[in-house]
Amino acid sequence: DGIFDRLRFTGGKLLAPPKVVNAVNSVSLSIAPGEVLALVGESGCGKSTVAKTIARIHAPTSGEIRIDGKEVSCLNQKELRPVRRELQMIFQDPYASLNPRQRIKDIVIEPLRAQSDRRMSSSDIDAEAIKLLARVGLNAEQANRYPHQFSGGQRQRIGIARALSVRPKLIIADEPVSALDVSIQAQILNLMMDLRDEFGLSYLFVSHDLSVVHHIADRVAVMYLGFMVETASRDQLFATPRHPYTQALLSAAPNVDKALRKPQAEITGEVPSALNLPSGCCFRTRCPLAFARCAVERPALLPQRGGGSVACHLHDTVPEAFPT
Ligand code: SF4
Ligand code: MG
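Residues numbered from 1 in each chain as written. Chains lettered and ligands numbered in written order. Predicted model: local features only at pLDDT ≥ 70, side-chain atom pairs only at ≥ 80, totals over all residues.

Novice: What is the right way to look at the overall build of the protein in this model?
Specialist: Counting its regular elements, the protein contains 10 helices and 14 strands. Within the protein, buried positions represent 40% of all 324 residues. (Helix = DSSP H or I, 4+ residues; strand = E, 2+ residues; numbered from the N terminus. Buried ≥ 20, exposed ≤ 12 C-beta atoms within 10 Å, placed from the backbone.)

Novice: Honestly, the pairing of strand β11 (residues 219–224) in this entry has me stumped. Any pointers?
Specialist: For a regular strand, the rule is simple: side chains alternate between the two faces of the sheet. Most of β11 sits inside the fold, with six of its six residues counted as buried. Pairing analysis gives four bridges linking strand β5 (residues 36–40) to β11, with the strands arranged parallel. Within β11, the residue paired with Leu37 across the bridge is Arg219. The sheet contact formed by β11 and strand β12 (residues 227–233) spans six bridges and is antiparallel. (Pairing = 2+ DSSP bridges.)

Novice: Looking at this structure, I do not really get the environment of Val220. What am I missing?
Specialist: Within the secondary structure layout, Val220 lies in strand β11. Sequence separation between Val220 and Ala239 is 19 residues, and the spatial gap between their C-alpha atoms is 13 Å. In contact with Val220, other than residues within four places in its own chain, are Ala38, Val40, Val213, Thr231, Ala232, Arg234 and Leu237. (Contact = placed C-beta atoms within 7 Å.)

Novice: Even after reading the chapter, I still don't get the site of ligand 1, so can you show me in this structure?
Specialist: Near ligand 1, the surroundings consist of Pro244, Cys281, Phe283, Arg284, Cys287, Leu289, Ala290, Cys294, Pro299, Cys312, His313 and Leu314. For the shell around ligand 1, the class distribution of residues is 10 nonpolar, one polar and one charged. (Near = placed C-beta within 6 Å. Nonpolar A, V, L, I, M, F, W, Y, C, P; charged D, E, K, R; others polar.)

Novice: What's the story with helix α3 (residues 104–115) in this structure? I'm lost.
Specialist: An α-helical turn contains 3.6 residues, so a residue and the one three or four places further along point in the same direction. Of the residues making up α3, those classed as buried are Ile104, Lys105, Ile107, Val108, Ile109 and Leu112. On the buried face of α3, the contacting elements are α4 (122–135) and α5 (152–164).

Novice: Looking at this structure, how should I read unusual backbone geometry?
Specialist: The bulk of non-glycine residues show a negative phi, and the bulk of peptide bonds are trans. Phi angles above zero are rare outside glycine, and Arg167 is one such case at about 50°. Checked against the element boundaries, Arg167 lands in the loop between α5 and β9 (170–174). At Leu225, a residue that is not glycine, the phi angle is positive and equals roughly 50°. You can call Leu225 buried: it has 23 C-beta atoms within 10 Å.

Novice: Before we go on, may I ask you to explain the sheet that holds strand β14 (residues 309–310) in this structure?
Specialist: The strands making up a sheet associate through backbone hydrogen bonding, with each pair oriented either parallel or antiparallel. Taken in spatial order, the eight strands of this open sheet run β8-β9-β10-β5-β11-β12-β14-β13, and their pairing is mixed. Two strands bound the open sheet, and with one partner strand each, they are β8 (87–90) and β13 (302–303). In the sheet, β12 pairs with β14 via two bridges, with the strands oriented antiparallel. Bridge pairing in β14 places Glu230 opposite Val310.

Novice: Help me understand the nonpolar core in this model?
Specialist: Proteins that are soluble and globular tend to have nonpolar side chains buried together. With 74 residues, the main nonpolar core has Ala38, Leu39, Leu204, Phe205 and Tyr224 as its most contacted residues. Not counting residues up to four positions away in its chain, the partners in contact with Ala38 are Phe205, Ser207, Val213, Ile216, Ala217 and Val220. (Core = buried A, V, L, I, M, F, W, Y, C linked by C-beta atoms within 7 Å.)

Novice: What should I look at first to understand the environment of Ala221 in this one?
Specialist: Relative to the helices and strands, Ala221 resides in strand β11. You can call Ala221 buried: it has 26 C-beta atoms within 10 Å. C-alpha of Ala221 to C-alpha of Val83: the two residues are 138 residues apart in sequence and 24 Å apart in space. When residues no more than four places from it in sequence are discounted, the contact partners of Ala221 are Leu29, Leu37, Leu39, Met228 and Thr231.

Novice: I tried to follow the pairing of β5 on my own but got confused; where do I start?
Specialist: Across the five residues of β5, five count as buried, placing the element largely inside the fold. Of the two faces of β5, both are covered, the one formed by Val36, Ala38 and Val40 as well as the one formed by Leu37 and Leu39. In terms of strand pairing, β5 meets strand β10 (residues 202–207) through five bridges, oriented parallel. Bridging from a neighbouring strand, Ala38 pairs with Phe205 of β10.

Novice: Hey, could you run me through the packing of α5 against helix α6 (residues 182–199) in this one?
Specialist: Between two packed helices, what matters for the description is the angle formed by their axes and the separation of those axes. Two elements in contact, α5 and α6, have axes whose closest approach is 10 Å; the angle formed by their N-to-C orientations is 15°. As the angle between them shows, α5 and α6 are arranged roughly parallel. Helix-helix and strand crossings are classified by hand; for α5 and α6 the assignment is right-handed. For the pair α5 and α6, contact is made by Gly152, Gly153, Gln156, Arg157, Ile160 and Leu164 and by Ile184, Gln187, Ile188, Leu191, Met192, Leu195 and Phe199, respectively. Among the residues forming the contact of α5 with α6, the class breakdown is eight nonpolar, four polar and one charged. (Axes fitted to C-alpha atoms, helices over the stretch in contact; angles between N-to-C directions. Parallel < 35°, antiparallel > 145°, perpendicular 65-115°, else oblique. Left-handed = near helix turned anticlockwise from the far one by under 90°.)

Novice: I tried to follow the environment of Ala252 on my own but got confused; where do I start?
Specialist: Considering the arrangement of structural elements, one finds Ala252 in helix α9 (residues 244–252). For the pair Ala252 and Leu210, spaced 42 residues apart in the sequence, the C-alpha separation amounts to 9.9 Å.

Novice: Explanation requested: the confidence of the model for the protein in the structure shown.
Specialist: A low pLDDT score tells you not to read the predicted coordinates there in detail. Scored by pLDDT, the protein comes out at a mean of 82, with 80% of its residues at no less than 70. Across the protein, the secondary-structure element scoring lowest on mean pLDDT is strand β2 (residues 14–16), at 35, and the one scoring highest is helix α10 (residues 292–296), at 96. Scored below 50 in pLDDT, residues 1–22 makes 68 contacts in the model with residues more than four places away or belonging to other chains. The ipTM, which scores confidence in the relative placement of chains, is 0.96 for this predicted complex, and the corresponding pTM is 0.84. (pLDDT = per-residue confidence, 0-100.)

Okay, here's the thing in structure tokens:
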């Protein structure tokens, strides 16, 4: 039924000389059409690696990625071409991904030109670029300017217009507003939500900022040290976080409304190195609720009665007739 009914994979190796770190250990995600799935966690938890692996900037070492039922993880670059049309990425720093010597109209049309089999005339390009730019709030006169002539928020609008040019089904957004002022953040998030409704987009939204996640997500997946530790609907996650790490994240978040914050477990200690993962539960070195079993057995991500899933020995009773 869903366009992204299965979008799952495991693995995704990150080269960090001199050792190869398995940055993402086991992740399973599915995103429904029109859904915003937020992937949250502290920096270095592997969320960007997940995003880049799904976008096939990194290849997964094992597992599968299915889009619209099609397995895409083993496709080569040529076979990936039609997939790239369905799936576009926007980045934290759009400036870094905008060619400084290209006019905005050429930048926004680039993915479309790469996808299209026919040559586009310059009047086609102009017309399409102006349409795309108008949709993100920029005018025709601005189409002839260069990236440095725009503010951070405008550059992110340009990045969004470029992603939209091929009419993707899924946009993977890696911290798309974290470099922007708070007032500009809201404008960009609202634009992204309008575009979701207009184009029927799904988003995989990578963020460390829980107030942004609360604003935008339908569902949330929490990652810690390359493991997915909890998934839940947005409302459930903020009202009743179940994994001790999620509880700690929420109580530590400075920007989340007071009403949403729970006086929960304080997070203490350093994040362990991904090169040297703790035995058992990856969170046990910082978990205030850790007990003997946590050091010897890695908790599996298990479906929960109230919906979603949790990887913690305190939540290891699987309901018998789990509704799928
Ligand atoms: Fe804490 Fe143990 Fe649960 Fe891990 S499994 S989160 S250490 S209680
Ligand atoms: Mg990142």
